[in-house]
Structure formats: C-alpha cells, structure tokens
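# Examination of the molecular architecture
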Amino acid sequence: MNHIRTLGRLLAVLICTATVGALAPPSIADVPVNSPVEGYPRYEPQTACKPRAKVGTRVLATWIVTSYGGRSAGISRSCAGGSTSEHKEGRAFDWALDARSAADRARASRLLKALFATGPSGEPAELARRMGVMYVIWNDQMYASYERYQPKRYRSSSCRRLRTCSPTLRHRDHMHVSLTRAAGRARTSWFAGRRD
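If you're wondering where the values come from, they're calculated on a predicted model, not measured in any experiment.

## Some remarks on the overall build of the protein
Secondary structure summary: the protein contains five helices and six strands in total. Order of helices (α) and strands (β) in the protein, N terminus to C terminus: α-α-β-β-α-α-β-β-β-β-α. Within the protein, buried positions represent 40% of all 196 residues. Summed over all atoms, the accessible surface of the protein reaches about 10,800 Å², with 55% contributed by carbon and sulfur.

## Some details on the pairing of strand E6 (residues 174-179)
Counting buried residues in E6 gives six out of six residues, a clear majority hidden from the surface. Sheet topology places strand E3 (residues 133-138) next to E6; four bridges connect them, and they run antiparallel. Directly across from Tyr135, in E6, lies its bridge partner Ser178.

## A word on the pattern of salt bridges
Where side chains of opposite charge bring their charged atoms close, a pairing between them can arise. Inspection of every chain in the model, using the stated rule, returns 11 salt bridges. Its salt-bridge partner being Arg181, residue Glu89 comes within 3.5 Å of it at the nearest N-O pair. With Glu89 in the loop between strand E1 (71-72) and strand E2 (92-96) and Arg181 in helix H5 (residues 181-184), this residue pair connects regions lying 92 residues apart in the sequence. Each of Arg42, Glu44, Glu89, Arg91 and Arg181 takes part in a single network of salt bridges with overlapping partners.

## Topic: the nonpolar core
Counting residues in hydrophobic clusters, the biggest one holds 33 residues, and the most contacted among them are Trp63, Leu115, Phe116, Val133, Val136 and Met175. Elements that contribute at least two residues to this core include exactly helix H2 (55-68), E2, helix H3 (102-116), helix H4 (126-131), E3 and E6. When neighbours within four sequence positions are excluded, Val133 is seen to be in contact with Pro41, Leu115, Ala128, Ser145, Tyr149, Val177, Ser178 and Leu179.

## Structural notes on the packing of aromatic side chains
Note on aromatic pairs: each is described by the distance of the centres and the angle between the planes. Inspection of every chain in the model, using the stated rule, returns nine aromatic pairs. Note on Trp63 and Trp190: the rings are 5.3 Å apart at their centroids and 75° apart in plane angle, and the pair reads as edge-to-face. Of this pair, Trp63 sits in helix H2 while Trp190 is found in the segment after H5, placing the two residues 127 residues apart along the sequence. The class of Trp63 is buried, set by a relative accessible area of 10%. We classify Trp190 as buried; its relative accessible area is 1%. A ring pair is formed by Tyr68 and Trp95, whose centres lie 6.3 Å apart and whose planes are at 65°; its orientation type is edge-to-face.

## Structural notes on the state of the cysteines
Overall, the coordinates contain two disulfides when judged by the stated rule. Paired through a disulfide, Cys159 and Cys165 show a sulfur-sulfur distance of 1.6 Å. Judged on exposure class, the residue Cys159 and its partner Cys165 are both buried. In the protein, the bonded cysteines, numbered by position in the sequence, are linked as 1-2, 3-4.

## Examining the layout of surface pockets
Of the voids in this model, the largest pocket is the one considered here, and its volume is about 570 Å³. If you trace the largest pocket, you find 22 residues lining it, with Thr84, Ser85, Tyr154, Ser156 and His171 closest to the centre. Counting residues per element, the ones that place at least two in the lining of the largest pocket are E3 and E6. When the residues that make up the lining of the largest pocket are grouped by side-chain class, the tally is seven nonpolar, 11 polar and four charged.

## Some thoughts on the packing of H2 against H3
Where H2 contacts H3, the axes come no closer than 11 Å and their chain directions differ by 120°. Considering their axes alone, H2 and H3 lie oblique with respect to each other. As for how H2 packs across H3, the hand of that crossing is right-handed. The residues of H3 that touch H2, namely those facing Trp63, Ile64 and Tyr68, are Arg107, Arg110, Leu111 and Ala114. A breakdown of the residues in the contact of H2 with H3 according to their chemical character gives five nonpolar, no polar and two charged.

Calculation notes
- Residues numbered from 1 in each chain as written.
- Predicted model: local features only at pLDDT ≥ 70, side-chain atom pairs only at ≥ 80, totals over all residues.
- Heavy atoms only, no water.
- Helix = DSSP H or I, 4+ residues; strand = E, 2+ residues; numbered from the N terminus.
- Buried < 20%, exposed > 50% of the residue type's maximum accessible area, 1.4 Å probe, protein only.
- Areas by Shrake-Rupley, 256 points an atom, 1.4 Å probe, with all protein chains shown as cover.
- Pairing = 2+ DSSP bridges.
- Salt bridge = Lys/Arg side-chain N within 4 Å of Asp/Glu carboxyl O.
- Core = buried A, V, L, I, M, F, W, Y, C linked by side-chain atoms within 4.5 Å.
- Contact = heavy atoms within 4.5 Å.
- Phe/Tyr/Trp six-rings, centres within 6.5 Å; stacked < 30°, edge-to-face > 60°.
- Disulfide = S-S within 2.5 Å.
- 1 Å grid on protein atoms, 1.4 Å probe; cavity = no way out; pocket = protein on both sides within 12 Å on 5 of 7 lines; lining within 4 Å.
- Points joined across faces, edges and corners; volume = space filled by probe spheres on them.
- Nonpolar A, V, L, I, M, F, W, Y, C, P; charged D, E, K, R; others polar.
- Axes fitted to C-alpha atoms, helices over the stretch in contact; angles between N-to-C directions.
- Parallel < 35°, antiparallel > 145°, perpendicular 65-115°, else oblique.
- Left-handed = near helix turned anticlockwise from the far one by under 90°.

As structure tokens, this is what we get:
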C-alpha cells in the first residue's frame, strides 16, 4: 500500500514538473530582432465605444496565459458608465491574479521582468515596446510607457482611501494590460506571424 502511495506522489511530482516546464515563459529572444524596436508608446485613451475584443488583444492575452499560467479575466467591458477605459475599445486585457498568492506574485514578476528587460537589440523594455504595451497596473503599481515603464504608486480615482479600497480597484485581484491602437490591431513588430 505504501508503494502505491509513493508511486502516486512521484507521478504527481512528475506531472507538476512537466506542467511548470510547459508554462515556462519564452525567452526575450522570442522577438523579431530583424525589425526596428518601436519607440515608447504615447497614451491613447478610449475615444469611442467599440468593446469587441481586438485581434491583437486576444493574441496577447492567450500568449500571457499560455506562457505564464493563470487565467483571463476578460477583455471587453460595457459602454455603460462614464469612466474611460481601453476595455471599451477591446484593447485592454485583465489577467486574473491574486496579490496574496506567492505563486501569482511570481507569475506577475516573471512577466514584468520579461516585458521591461533589455532585449537582444540592446533596447530597454524591448518586449513591451514591440507588443505595444501602453501601461500595466498591478498590485498598487503602474508601469506606463510614457514614464519609460518605471513603477509608480497607483491609486484609482474611485478610491478615497487606499486601505478601504477594493482589491479590484487596487488591481490586487488582476493585472491590467492596456495596448495601443496599433497593438490592438496586431500591427506592431511582436505580432508578426501571430495573428489568428
């Protein structure tokens, strides 16, 4: 009986190891080095309400979940309400993560490190720039292209006091990734050969 339990545990470890290996993120070399790196994107706020998910947003969301694990928390949002959001143009993605979870914090850290690393071209934040990432919000921090992705404290305008603010408004139960219009259309260099 103990042998069966031991074999079962060994099999579980092997399956877990294989799964983690399958979810290991691609290296920064997974970018087309033969094309110039885009500049730091400027801020392009929502100007219309066309919430259908854009092709580039779908491709990037799938790549993140496949490469790093976790799950999608959606792309499109209703046009109701007065707030501005790239979700309402189908070019923002929410990745479901829990800031209280060590595993989710590690996932987030791996993605952020890859996005903002110096790439094969020698350019800083090469992957983020090639993907057309306009900004990322996660766990009370914002990484904006127009600030060269340097982390800044973030607080939603809907939060009067940070400690009484919801995990969603603090981006502690998901990571928000907003894309430029070109990236939403899968028209930046990272998307070459990836459009569905």
